[in-house]
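What the coordinates show
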Amino acid sequence: MTSTTVATDDDGRAVIRLAMAQMCSSNTHARNIEIVTGLAVEAHAAGADLLALPEASGMVNKDVASARLSVTDEARDPFLAACRELAAKYGLWIHTGSTPLAGADGARFSNTSHLIDASGAFVARYDKIHLFDVDLPGEISRRESDRYAPGGEAVLAETPWGPFGMSVCYDVRFPHLYRDYAHAGAKILFIPSAFAMSTGEAHWPTLLRARAIENGCYVVAAAQCGHHDDGRDTWGQSMIVDPWGTVVEDMGKRIGLAVADLDLARVENTRRSIPSLLNERDYSFEPGATHRRRQTA
């Protein structure tokens, strides 16, 4: 890990200046590398410590046949290579959101998120656990599992600012994942997304605020937005929510960058005010199954 200096405010509190990107990613690596290069330049000029990208920032392409011509493994992926170079060039941590990689089963891709430090080294990688297999009213069935293999491991990334919890999009509907991260000390929860239009309008802000409030964490949710080259539309509304549930940034439908200073002392202050993590109690549940409290490794 690099020797990143943690900034403090006038009162000596740890602060991270975070740049959150809202993108309308293309179906080619080259175009998305061009977009992220501009975002990294802008984030560096704003004095950001970390640039957070949305889900599928490296490629949005629902045509599996053409995607297979470009999707490769981590070592050869051009988008990840570009992000590592940008991180080192600008001394900028980059959370890639996610990008499709060749999966271990050889048939399906993995939806993989990386955290890269300011030297360009991988600090953490996470494969999306919960896949978007749904039947929305009035819409065609969506089966993310037809194209992607699920991950099986939660990942808590250690950083100079404290632990950050890794997740992707549909994971947001599974609160036990974030509860485990909070119990393990997470200060920021990454929820990069490419939310559908109907579910974005109905559920997106509520889910993000709920995950922040119930865990006393910052939520950073960089999102895809707009009409993509592959024909799909995504909701947008990239958001940063503080541990009290206050919306720090809401980008609406604006493509580009939002920069915010996150006072990490608010995490512990909020958890002291409402100590729900400490107030939790084990319990039994008789009908059909015994309750098992999930524990972090």
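The structure this text deals with has already been given above.
Here's what I pulled together on the structure shown here. (Residues numbered from 1 in each chain as written. Predicted model: local features only at pLDDT ≥ 70, side-chain atom pairs only at ≥ 80, totals over all residues. Heavy atoms only, no water.)

Here we look at empty space enclosed by the protein
What counts here: Cavity: a set of points on a 1 Å grid over the protein atoms alone where a 1.4 Å probe fits but cannot get out. Pocket: an open set with protein on both sides within 12 Å along at least five of seven lines, its lining residues, like those of a cavity, having an atom within 4 Å of a point. Grid points are joined across faces, edges and corners, and a volume is the space filled by probe spheres set on the points.
Counted by the stated rule, this structure contains 1 cavity of 30 Å³ or more. Taken as a whole, the largest cavity spans an internal volume of roughly 40 Å³. Around the largest cavity, the lining residues are M59, N61, A67, P100, F109, R147 and Y148.

Overview of the packing of helix α4 (residues 175-183) against helix α5 (residues 197-215)
Here is the rule: To define axes, lines are fitted to C-alpha atoms, for helices over the stretch in contact only, and angles between the resulting N-to-C directions are given on a 0 to 180 degree scale. Strands here mean DSSP runs of E at least two residues long; helices mean DSSP runs of H or I at least four residues long; both are numbered from the N terminus. Should the near helix be turned anticlockwise from the far one by less than a right angle, the crossing is termed left-handed; should it be turned clockwise, right-handed. Any pair of residues with heavy atoms lying within 4.5 Å of one another is described as a contacting pair.
It is at 10 Å that the axes of α4 and α5 come closest, and there the two elements cross at 35°. For the pair α4 and α5, the sense of crossing is right-handed. Side by side, α4 and α5 meet where P175, Y178, R179 and A182 of the first sit next to R211, E214 and N215 of the second.

Concerning the packing of aromatic side chains
As a reminder, the rule being used: Pairs were defined over the aromatic rings of Phe, Tyr and Trp, the Trp ring being its six-membered one, requiring ring centres within 6.5 Å. Orientation was assigned from the angle between planes: stacked under 30 degrees, edge-to-face over 60, tilted for the rest. A 1.4 Å probe rolled over the protein chains alone gives each residue an accessible area, and that area as a share of the maximum for its type sets the label: buried under 20%, exposed over 50%, partly exposed in between.
Evaluated as defined, the whole model comprises 8 aromatic pairs. Relative to W161, the ring of W93 lies with its centre 5.4 Å away and its plane at 75°, an arrangement referred to as edge-to-face. Of this pair, W93 sits in strand β4 (residues 93-95) while W161 sits in the loop between β10 (156-159) and β11 (162-165), placing them 68 residues apart in sequence. Residue classification places W93 among the buried residues on the basis of a relative accessible area of 0%. Seen in terms of ring centroids, F109 and Y148 are 5.9 Å apart; in terms of plane orientation they differ by 70°. Their pairing is edge-to-face. Here the residue F109 occupies a position in strand β6 (residues 109-116), and Y148 occupies one in the loop between β9 (142-143) and β10, the gap between them amounting to 39 residues.

Describing the packing of helix α1 (residues 29-45) against helix α3 (residues 78-90)
Note the threshold: Any angle that falls under 35 degrees is termed roughly parallel, while one over 145 is termed roughly antiparallel, one within 65 to 115 roughly perpendicular, and all others oblique. Side-chain classes are defined by residue name, with Ala, Val, Leu, Ile, Met, Phe, Trp, Tyr, Cys and Pro counting as nonpolar, Asp, Glu, Lys and Arg as charged, and the others, Gly among them, as polar.
Where α1 contacts α3, the axes come no closer than 10 Å and their chain directions differ by 15°. As far as their axial angle goes, α3 and α1 are roughly parallel. In the crossing of α1 with α3, the sense of the turn from one axis to the other is right-handed. Every residue of α3 that contacts α1 at H29, N32, I33, V36, T37, A40, V41 and H44 is listed here: P78, F79, A82, C83, L86 and Y90. Of the residues belonging to the contact of α1 with α3, the class tally is 10 nonpolar, 4 polar and no charged.

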